[in-house]
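Tertiary structure, described
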2 protein chains.
Amino acid sequence: MTADSTGRPGGGPARRRGAALEEAILRAAVDELLESGYAGLTMDKVATRAGTNKNAIYRRWPNRLALGVAAYRHLATTITPPDTGSLRGDALELLRQANRYWGSPLGAILRDLLAAAGGAPEFLARLREQSGDAAAAPWLTILGRAVARGEAAPEALHPRVATVAMALLRDEFVVRGVPAAPDEVIVEIVDEVYLPLVRGRAPS
Amino acid sequence: MTADSTGRPGGGPARRRGAALEEAILRAAVDELLESGYAGLTMDKVATRAGTNKNAIYRRWPNRLALGVAAYRHLATTITPPDTGSLRGDALELLRQANRYWGSPLGAILRDLLAAAGGAPEFLARLREQSGDAAAAPWLTILGRAVARGEAAPEALHPRVATVAMALLRDEFVVRGVPAAPDEVIVEIVDEVYLPLVRGRAPS
DNA sequence: CGTTTAAGGTACTCGCCGTACCCTAAATCG
DNA sequence: CGATTTAGGGTACGGCGAGTACCTTAAACG
């Protein structure tokens, strides 16, 4: 029974400081996010879980949202562009990945954070580094390969065009809500919009 | 000094009931939304402003969000499809309208409500009646005219395709935040994505 | 006129953010 | 190695807002 319920190793350093403490807080915040989402991320719970108190948190982050954003950034998933051999396959795969993500608890957390940021550019920018900008690169990658194969027009190699499918799916989430979009929606986005657009031909 | 600070006409009916009271509450909620946004919509303030108390509110709406959604529905703006003579002009006009709306306080309110709903389909559905579904019709209208003029392929007359531009702009708001999108973004959406898509030709 | 229904008035619990103090351990420096 | 500075720990508190409980009182209805 040497547990000290502080989250730090039993009998370890009696008092952590600086980076060690900061990491402990962030880990606690991450755990709390995963367990209860952003709504359940309370400063008191994070403090308790990290075996410290709110002082230490407020000395590092100005408020709950900042802590939430910082914690979320530790959950970043790097997306590796698929390579199925066809643009259609790659696009479907990327969309399905995104769909799984946004439909998962992590997606809910991201949405709550976006909401809490309420348009504050500084927070949104930090969130975009994970979800938005990072997500654009794979689309350019698969499109680049498709252009090389002659499956897409070179003019489509443009961030706005390349990421259209992702934007549409994200919009679907915002407007229709939390459950993951049915696969038909994904197929429709790819076949009715994305492929015709990048190919430069009429929708089927 | 006959004002009774209840929001009801001086010396009028000493106690409102039913529909009269309900309307008074909704009006108060609407005013509060316009004045302070959804964040500032507190049950106490609405009750005070309506000259009643929280009981009367909770007897009608289960919680703050439900009241907020109900109040928002009173702010509906009906969109009349423009008719500039060209699809490009119509699309730009519709997008600029939407952009103005989402950049206005009303748009912020809508975003906050969407956020607070957090994916609950029932609330989202009620919000969509105003913002989403209602907004789809004008796009089909202008596209229908464009098809008749030969400016667009008939296959584009499909809800998902017709509303692509709106979805992209809405996504822009979600991802980039509160300030209205610059006009270049709108032009880009129309010229690089929307027109090429519905025309069935390659992006310029 | 009496009964039922709903509004008004309060007061309260609870949760949670953010802050203020004061005490104490760890780092740092002469 | 001891003194000083720095930062963490403990705790209590103010403030606000959601939602609830309960009782009183006016309006509607027969």
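Relevant structure appears above.
Model, not experiment: these values are computed from the prediction. Sequence order sets the numbering: in each chain, residues are counted from 1 along the sequence as written. The naming scheme follows written order: chains are lettered A onward, ligands numbered 1 onward. Given that this is a predicted model, residues contribute local features only at a pLDDT of at least 70 and side-chain atom pairs are listed and counted only at 80 or more, while totals for whole chains, interfaces and linings are drawn from all residues. Excluding hydrogens and water, the side-chain values take into account all heavy atoms of the structure.

1. Considering the overall build of chain A
Secondary structure elements are defined from DSSP: runs of H or I of at least 4 residues count as helices, runs of E of at least 2 residues count as strands, and each element is numbered from the N terminus. From N to C terminus, chain A includes 11 helices and zero strands. For chain A, the α and β elements follow one another from N to C terminus as α-α-α-α-α-α-α-α-α-α-α. Here's how the labels work: a residue is buried when its accessible area is under 20% of the maximum for its type, exposed when over 50%, partly exposed in between, all with a 1.4 Å probe on protein chains only. Within the span of chain A, comprising 204 residues, buried residues form 48% of the whole. Throughout, a contact is declared for two residues whenever any of their heavy atoms are within 4.5 Å. Sequence-distant contacts in chain A: of pairs separated by 6 or more residues, those separated by 24 or more amount to 66%. Accessible surface area values rest on a Shrake-Rupley calculation with a 1.4 Å probe, where residue burial reflects the displayed protein chains alone. For chain A, the computed accessible surface area is about 9,400 Å², with 53% contributed by carbon and sulfur atoms.

2. Thoughts on the pattern of salt bridges
By definition, a salt bridge exists where a carboxyl oxygen of Asp or Glu is found within 4 Å of a side-chain nitrogen of Lys or Arg. Applying the stated criterion across every chain yields a total of 27 salt bridges over all chains. Between A:Lys54 and A:Asp44 there is a salt bridge, and its shortest N-O distance comes to 3.6 Å. With A:Lys54 in helix 3 (residues 54-58) and A:Asp44 in helix 2 (residues 43-50), the pair connects residues that are 10 residues apart, well separated along the chain. B:Arg88 is the partner of B:Asp191 in a salt bridge, and the nearest nitrogen-oxygen pair spans 2.8 Å. Here B:Asp191, found in helix 11 (residues 183-199), pairs with B:Arg88, found in helix 5 (residues 87-103); they are 103 residues apart in sequence, far enough to count as distant. A relative accessible area of 22% means that B:Asp191 is categorised as partly exposed. Members of the salt-bridge network, linked through shared partners, are A:Glu32, A:Glu35, A:Lys45 and A:Arg49.

3. Observations regarding the protein's contact with DNA strand D
Only a single heavy atom is needed: when it lies within 4 Å of a molecule or strand, its residue is near that molecule or strand. Inspection of the region around DNA strand D gives 23 residues, with A:Thr52, A:Asn53, A:Asn55, A:Arg59 and A:Arg60 positioned closest. Here a polar contact means two N or O atoms within 3.5 Å. Within protein one must be a hydrogen donor candidate and the other an acceptor candidate, and residues neighboring in sequence count only if both atoms are side-chain atoms. B:Asn55 is positioned such that a nitrogen or oxygen atom in its side chain is 3.1 Å from a base nitrogen of DNA strand D. Contact between DNA strand D and B:Arg64: a phosphate oxygen at 3.2 Å from a main-chain N or O atom of the residue. Only helix 1 (18-36) of chain A together with helix 3 (54-58) of chain B provide two or more residues apiece to the surface near DNA strand D. The element best represented in the surface near DNA strand D is helix 3 of chain B, accounting for three residues. Three categories are distinguished: nonpolar for Ala, Val, Leu, Ile, Met, Phe, Trp, Tyr, Cys and Pro, charged for Asp, Glu, Lys and Arg, and polar for the others, with Gly belonging to the last. For the surface near DNA strand D, the class distribution of residues is five nonpolar, eight polar and 10 charged.

4. Thoughts on empty space enclosed by the protein
Both cavities and pockets are sets of points on a 1 Å grid over the protein atoms alone; in a cavity a 1.4 Å probe fits but cannot get out, in a pocket the set is open with protein on both sides within 12 Å along at least five of seven lines, and lining residues sit with an atom within 4 Å of a point. Grid points are joined across faces, edges and corners, and a volume is the space filled by probe spheres set on the points. Inspection of the entire model under this criterion finds two cavities of 30 Å³ or more. Reported here for the largest cavity is a volume of approximately 540 Å³. In terms of lining, the largest cavity is formed by 31 residues, of which the most central are A:Arg111, A:Leu114, A:Ala115, A:Val174 and B:Val174. Among the elements of the structure, helix 6 (105-117), helix 7 (121-131) and helix 10 (164-176) of chain A together with helix 6 (105-117) and helix 10 (164-176) of chain B are those that each provide at least two residues to the lining of the largest cavity. If one sorts the elements of the lining of the largest cavity by residue count, helix 6 of chain A sits on top with six residues. Classifying every residue of the lining of the largest cavity by side-chain character gives 16 nonpolar, eight polar and seven charged.

5. Overview of the relation of the copies chain A and chain B
With an RMSD of 0.2 Å, the fit of chain A onto chain B corresponds to turning through 180 degrees and sliding 0.1 Å along the axis. One copy is carried onto the other by what is essentially a two-fold rotation axis. Most of the interface of chain A is mirrored in chain B: 97% of its interface residues are interface residues there too. The superposition of copies rests on a least-squares fit of C-alpha positions from residues with pLDDT of 70 or more in both.

6. Some details on helix 4 (residues 64-73) of chain A
All names here are of chain A. Taken across its 10 residues, helix 4 has eight buried, putting it largely inside the fold. Among all positions in helix 4, only Leu65, Ala66, Leu67, Gly68, Val69, Ala70, Ala71 and Tyr72 are buried. The N-cap residue of helix 4 is asparagine 63: its side-chain oxygen and the backbone nitrogen of leucine 65 are 3.3 Å apart.

7. Here's the deal with the protein's contact with DNA strand C
Among the 23 residues in the neighbourhood of DNA strand C, the closest are listed as B:Thr52, B:Asn53, B:Asn55, B:Arg59 and B:Arg60. A share of 56% of the atoms of DNA strand C within 4 Å of the protein falls on sugar and phosphate groups. A:Leu41 has a polar backbone atom sitting 3.5 Å from a phosphate oxygen of DNA strand C. Here a phosphate oxygen of DNA strand C sits 3.1 Å away from a polar atom, N or O, in the side chain of A:Tyr58. Counting residues per element, the ones that place at least two in the surface near DNA strand C are helix 3 of chain A together with helix 1 (18-36) of chain B. No other element matches the three residues that helix 3 of chain A contributes to the surface near DNA strand C.

8. What about the nonpolar core?
The nonpolar core is taken to be a set of buried Ala, Val, Leu, Ile, Met, Phe, Trp, Tyr and Cys residues, with the residues joined through side-chain atoms within 4.5 Å. Counting 133 residues, the largest nonpolar core has A:Trp139 and B:Trp139 as the members making the most contacts within it. Every residue in contact with B:Trp139, bar those within four places of it in the chain, is listed here: B:Ala91, B:Leu94, B:Leu95, B:Ala162, B:Thr163, B:Ala165, B:Met166 and B:Tyr194.

9. As for the side chain of B:Asp90
Residue and element names in this part refer to chain B. Within the secondary structure, aspartate 90 is located in helix 5. We treat Lys and Arg as the positive residues and Asp and Glu as the negative residues; His and chain ends play no part in the count. For the buried residue aspartate 90, which engages in no salt bridge, the nearest side chain bearing the opposite charge is arginine 149, 4.2 Å off. From its side chain, aspartate 90 meets the backbone nitrogen of threonine 84 in a polar contact 2.6 Å long. In this structure, aspartate 90 is in contact with Pro82, Asp83, Thr84, Gly85, Ile142, Arg145 and Arg149, ignoring residues within four places of it in sequence.

10. Quick look at helix 10 of chain B
All names here are of chain B. In a regular helix each residue adds 1.5 Å, so 13 residues correspond to 18 Å; helix 10 covers 18 Å between its end C-alpha atoms and thus fits that length. For helix 10, the buried fraction is high: 12 of the 13 residues fall into the buried class. After helix 10 finishes, the residue glycine 177 shows a positive phi value of roughly 105 degrees. One less than the residue count of a helix, multiplied by 1.5 Å, gives the span that helix is expected to have.

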